Amino acid sequence: MESVRMLSTLGLMGAMRSLSLAFEARSGIRVEADFAPTLALLKRLRDGEAADLVILTREGLDEMLGEGRVVADGAADLARSYVGIAVRAGQAPPDIASEAALRKTLLAARSVAYSRLGASGVYFAQLIVRMGIAAEVNAKATIVEQGFTAERLVSDEADLAVQQISELKQVGGIEVVGPIPHDLQTPAVFSAGRMANAKHPEAAERLLRYLASPDVVPVLRQSGLEP
C-alpha cells in the first residue's frame, strides 16, 4: 500500500485520526501521522526530518514557505481554533465569561496547567502578562513541555487546564468549561502544505485536497474546531 508521511500540530490530532482513516479507505493510501506542537515540528523540519505533508499554525507554515521547505501552490487553511479552559469532570465549572471573572478564577486556582511549546501556551503566557497576573499565576503554574495539559487535571496536579479546545477534548475525565472570552484572543489558524522535498508528492497532494474539502467539516466541528 502506498503511504504518505504527515507531521501535524497537536491541535488537529483528534480530527486527523478519523480523517486519516477515511482518506485511507477512499484512496488506498496509508497515512503515517506524527503529532507534536508547531514549535517542536519546525525544529524537526529544520533539522532535516522527512515528511510529505505538514499541518502547522498559519505562522509556522508561513515560515516554512519563506524558507522554501513547503510548496506555496495548494497550501490551505484548514481550521480555526480557540483556546479554552477545562476542569476535572464533576467539578463545578468556574466563571470565565468576562475578563474580570477569568482573572478571579485564575487567581483562585491552586494551579493552572498550560503548555510551553504550543500556540495556546505562548498566547496564555502573553495574556496573563497583559492582565497583570503573570507573577501570581506562574508562581503556582504546572508547565507542560509537550502533550495535553488536561492530563494534569486527571492526575490532580492542577485545577485548571489551558489549551486549544480541540486538544482539551482529547483527554477523558475532564470537562471543557468553554473558550476564553473571544475579545481576549485571536484564534489559531491551522494550515497544511506539501513539503518541497516530499518523497510521495502525488499522495501528499491528494491528502491535502481531501483535508481542504467540505467533506471534512463535520469531523472538524466535532473535535472542537471551526472550519
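Quick caveat, the model's predicted, so the values are computed rather than measured.

Draft legend 1. The arrangement of the packing of aromatic side chains in detail. Scanning all chains against the criterion turns up two aromatic pairs. Aromatic pair Tyr114 and Phe124: ring centres 4.9 Å apart, planes at 65 degrees, arrangement edge-to-face. Separated by ten residues along the polypeptide, Tyr114 in strand E6 (residues 112-115) and Phe124 in helix H5 (residues 119-130) bring together distant segments of the chain. Residue classification places Tyr114 among the buried residues on the basis of a relative accessible area of 7%.

Draft legend 2. Up close: the nonpolar core. Counting 37 residues, the largest nonpolar core has Met6, Met16, Leu19, Ile55, Leu78, Leu207 and Leu211 as the members making the most contacts within it. Of all the elements in the fold, those that place two or more residues in this core are strand E1 (3-9), helix H1 (13-27), strand E2 (30-36), strand E3 (53-57), strand E4 (76-81), strand E10 (188-194) and helix H9 (201-211). In terms of residue count, the dominant contributor to this core is H9 (six residues). For Met16, the contacting residues outside a window of four places in its chain are Met6, Ser8, Phe35, Ile55 and Leu211. Membership of the second largest hydrophobic core comes to 21 residues, among which are Ile85, Ile96, Tyr114 and Leu160.

Draft legend 3. Structural view of the pattern of salt bridges. Tallied over the full model, the rule gives 18 salt bridges. Measuring nitrogen to oxygen at the nearest pair gives 2.6 Å for the salt bridge that ties Arg46 to Glu67. One end of the pair, Arg46, is in helix H2 (residues 38-46); the other, Glu67, is in the loop between helix H3 (58-66) and E4, with 21 residues separating them in the sequence. The exposure class assigned to Glu67 is partly exposed, which follows from its relative accessible area of 38%. Where salt bridges share partners, they join Arg5, Asp34, Arg44 and Glu49 into one cluster.

Draft legend 4. Expanded view of the sheet that holds strand E7 (residues 142-144). If you trace the five strands from one edge of the open sheet to the other, you get E7-E6-E8-E5-E9, paired in mixed fashion. Each edge of the open sheet carries a strand with a single partner, namely E7 and strand E9 (174-179). Mean inter-strand twist for the sheet, computed between neighbouring axes without regard to direction, equals 30 degrees. Along the sheet, H5 contacts strand E5 (83-88), E6 and strand E8 (160-164); its crossing angle with E6, the most-contacted strand, is approximately 125 degrees.

Draft legend 5. View of the side chain of Thr142. Examined against the element boundaries, Thr142 turns out to sit in strand E7. Judged by its relative accessible area of 15%, Thr142 falls in the buried class. Side chain to side chain, Thr142 and Ser111 meet in a polar contact 2.7 Å long. At 3.4 Å, the side chain of Thr142 and the backbone oxygen of Glu157 are in polar contact. What Thr142 contacts, discounting residues up to four positions off in sequence, is Ser111, Val112, Ala113, Tyr114, Arg152, Glu157 and Ala158.

Draft legend 6. Structural view of the environment of Ala139. Within the secondary structure layout, Ala139 lies in helix H6 (residues 134-139). As a C-alpha pair, Ala139 and Val112 span 27 residues in sequence and 9.9 Å in three-dimensional space.

Draft legend 7. Looking closely at the sheet that holds E1. Judged by pairing direction, the sheet is mixed, and its five strands sit side by side in the order E2-E1-E3-E10-E4 without closing on themselves. Looking at strand neighbours, the two that pair on one side only are E2 and E4, the edges of this open sheet. Here the strands of the sheet are splayed against their neighbours by 20 degrees on average, with no regard to which way each runs. In the sheet, E3 pairs with E10 via five bridges, with the strands oriented antiparallel. Paired with Ile55 across the two strands is Ala192, which belongs to E10. Its contacts with the sheet place H3 against E3, E4 and E10, and it is angled at close to 130 degrees to E3. Against the sheet, H9 makes contact with E1, E2, E3, E4 and E10, and its axis sits at roughly 150 degrees relative to E10, the strand it touches most.

Draft legend 8. Examining helix H4 (residues 99-108) more closely. Regarding H4, the residues found buried are Ala101, Leu102, Thr105 and Leu106. Down the axis of H4, the smallest arc covering the buried residues is 130 degrees, so these residues share one side. Exposed side chains of H4 directed beyond 90 degrees from the buried face belong to Ala100, Lys104 and Ala108. Next to the buried residues of H4 lie E5, E6, H5, H6 and E8.

Definitions and cut-offs
Residues numbered from 1 in each chain as written. Predicted model: local features only at pLDDT ≥ 70, side-chain atom pairs only at ≥ 80, totals over all residues. Heavy atoms only, no water. Phe/Tyr/Trp six-rings, centres within 6.5 Å; stacked < 30°, edge-to-face > 60°. Helix = DSSP H or I, 4+ residues; strand = E, 2+ residues; numbered from the N terminus. Buried < 20%, exposed > 50% of the residue type's maximum accessible area, 1.4 Å probe, protein only. Core = buried A, V, L, I, M, F, W, Y, C linked by side-chain atoms within 4.5 Å. Contact = heavy atoms within 4.5 Å. Salt bridge = Lys/Arg side-chain N within 4 Å of Asp/Glu carboxyl O. Pairing = 2+ DSSP bridges. Axes fitted to C-alpha atoms, helices over the stretch in contact; angles between N-to-C directions. Polar contact = N/O pair within 3.5 Å; in protein donor to acceptor, adjacent residues only side chain to side chain. Arc of directions from axis to C-beta.

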